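Listed below are the residues making up each chain.
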Amino acid sequence: MNAPVTSFDAVSVAVLSPVARFNLRIAPADLAVASKVFGLTLPTKIGAGVRNGDRAAYCIGPDEWLLHAAEADQTAIMSSFDAARADTPHSITVLSDREIIIGITGPAAIDLLSTCCPLDLSCMAVGGAKRTVFDYAQIVLIRDGDDAFRLEVWRSFFPHVHGLLEIGVRELAVGL
Amino acid sequence: MLLIQCPYCDDALPELEFAYAGEAHIDRPKDPSALSDEEWRDFLFIRSNVKGVHAERWRHINGCGRFFNALRDTVSDRFVTTYKAGEPRPDLSGKEPAQ
Ligand SMILES: [Zn+2]
């Protein structure tokens, strides 16, 4: 019953490298402006995502987007949005240090996430993202593949969420 | 698990993502200082406390973040329908009553 977690390859949990992360609020009618500034066509349906290289955009509310980019591009992206603000009102907030991102991969990824996430994850579109809860902590869940997810959680909730994931991996490893 | 249809996400999602936010369609008085104490009390505190189909506000707080309205049967806890904030209360007359 004391199988080491590292020997269990049905699912793995890893803390991923930081990214530049932004929360964008803009009127959907002005979305083309934001797409031009960010260099990526922002999706319009809640839950949908678009990714190109290290840039990604996920629609998480009727007028709300989560943007990812390389850390080195953060200042330039903020300057570009600042320049567009005079003509196109919007708000953009840097969240890069607010959240920690955890990668969950392997055939048992959905089993592990379902221990604490109420969504029917089998229905979630690959490439999309959703804001939801993980044992009452608010998270954003991104689906990169059939069995590959990324979970973004506020820094202060990280020990709780990561601890639950570690326990879940152990439980799956011993066949519970 | 109870699923609630979010009219903005256009999807039925777990109740855990939602928060209840009181009775719907209560307009804030345009000129509060013109109201009597009794009228102001009624605006702040007096609610209809319906037994049956009730119009109420919900917020998809752990999802898209939006407030919306719902018709929910307070006896059966069944959601009859949900609709976007700002839309009128749907007319259920002529339809079958909620189970
Ligand atoms: Zn929603």
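Asker: Requested: an account of the domain arrangement of chain A, with residues and values cited.
Answerer: Residue and element names in this part refer to chain A. Here the domain parsing of chain A yields domain 1 (6–17 + 97–173) and domain 2 (20–94). If you average the C-alpha positions of domain 1 and of domain 2, the two centres end up 24 Å apart. With 11 residues of domain 1 in contact, the opposing surface of domain 2 contributes 11 residues. Roughly 930 Å² is buried in total at the junction of domain 1 and domain 2, and carbon and sulfur atoms are behind 45% of that figure. Looking at the side of domain 1 facing domain 2, the largest losses of area belong to Ala129, Arg131 and Glu152, adding up to 43% of the total buried there. Scanning the region where domain 1 abuts domain 2 turns up 3 salt bridges. A salt bridge links Glu64 to Arg131; its shortest N-O distance comes to 3.0 Å. Contributing elements (two or more residues each) for the side of domain 1 that touches domain 2: strand E7 (99–105), strand E8 (129–134), strand E9 (137–145) and strand E10 (148–154). A per-element tally of the side of domain 1 that touches domain 2 places E9 first, with 3 residues. Among the residues forming the side of domain 1 that touches domain 2, the class breakdown is 4 nonpolar, 2 polar and 5 charged.

Asker: Give me the lowdown on the pattern of salt bridges, citing residues and values where you can.
Answerer: Residues and elements named next belong to chain A. Scanning the model with the defined rule gives 12 salt bridges over all chains in all. A salt bridge links Arg85 to Asp82; the shortest N-O distance between them is 2.8 Å. Given the relative accessible area of 31%, Arg85 is considered partly exposed. Judged by relative accessible area, which is 42%, Asp82 ranks as partly exposed.

Asker: Any details on the interface of chain A and chain B? Residues and values, ideally.
Answerer: Note on interface size: it is often stated as the accessible area lost on association of the parts. Between chain A and chain B, the residue contacts involve 14 residues of the former and 14 residues of the latter. Along the contact surface separating chain A from chain B lie 1 salt bridge. Asp11(B) is paired through a salt bridge with Lys130(A); the nearest N and O atoms lie 3.8 Å apart. Here chain A and chain B share 5 residue pairs in polar contact (both at pLDDT 80 or more) between them. For the side of chain A that touches chain B, the elements supplying multiple residues, two or more each, are strand E4 (55–61) and E8 of chain A. Ranked by residues supplied to the side of chain A that touches chain B, first place goes to E8(A) with 4 residues. For the side of chain A that touches chain B, the per-class residue count stands at 7 nonpolar, 3 polar and 4 charged.

How each quantity is defined
- Position numbers for residues start from 1 in each chain and track the written sequence from start to end.
- Numbering of ligands from 1 and lettering of chains from A proceed in the order in which they are written.
- Side-chain atom pairs in this predicted model are given and counted only at pLDDT of 80 or more, local residue features only at pLDDT of at least 70, and totals for whole chains, interfaces and linings cover all residues.
- Hydrogens and water are ignored here; the side-chain numbers use all heavy atoms of the structure.
- Start and end points for every domain follow an automatic or database-based domain assignment.
- We call two residues in contact whenever any of their non-hydrogen atoms come within 4.5 Å of each other.
- Here's the idea: put two parts together, see how much 1.4 Å probe accessible area each one loses, and the total over both is what we call buried area.
- Salt bridge, as used here: a side-chain nitrogen of Lys or Arg that lies within 4 Å of a carboxyl oxygen of Asp or Glu.
- To qualify as a helix, a DSSP run of H or I must reach at least 4 residues; to qualify as a strand, a run of E must reach at least 2; elements of each kind are numbered from the N terminus.
- Ten residues, namely Ala, Val, Leu, Ile, Met, Phe, Trp, Tyr, Cys and Pro, are considered nonpolar, four, namely Asp, Glu, Lys and Arg, are considered charged, and the remaining ones, Gly among them, are considered polar.
- Between buried and exposed lies partly exposed: a residue is buried under 20% and exposed over 50% of the maximum accessible area for its type, with that area taken using a 1.4 Å probe on protein chains only.
- Counting of polar contacts relies on pairs of N or O atoms within 3.5 Å, with two restrictions inside protein: one atom must be capable of donating a hydrogen and the other of accepting it, and residues adjacent in sequence are counted only when both atoms are side-chain atoms.

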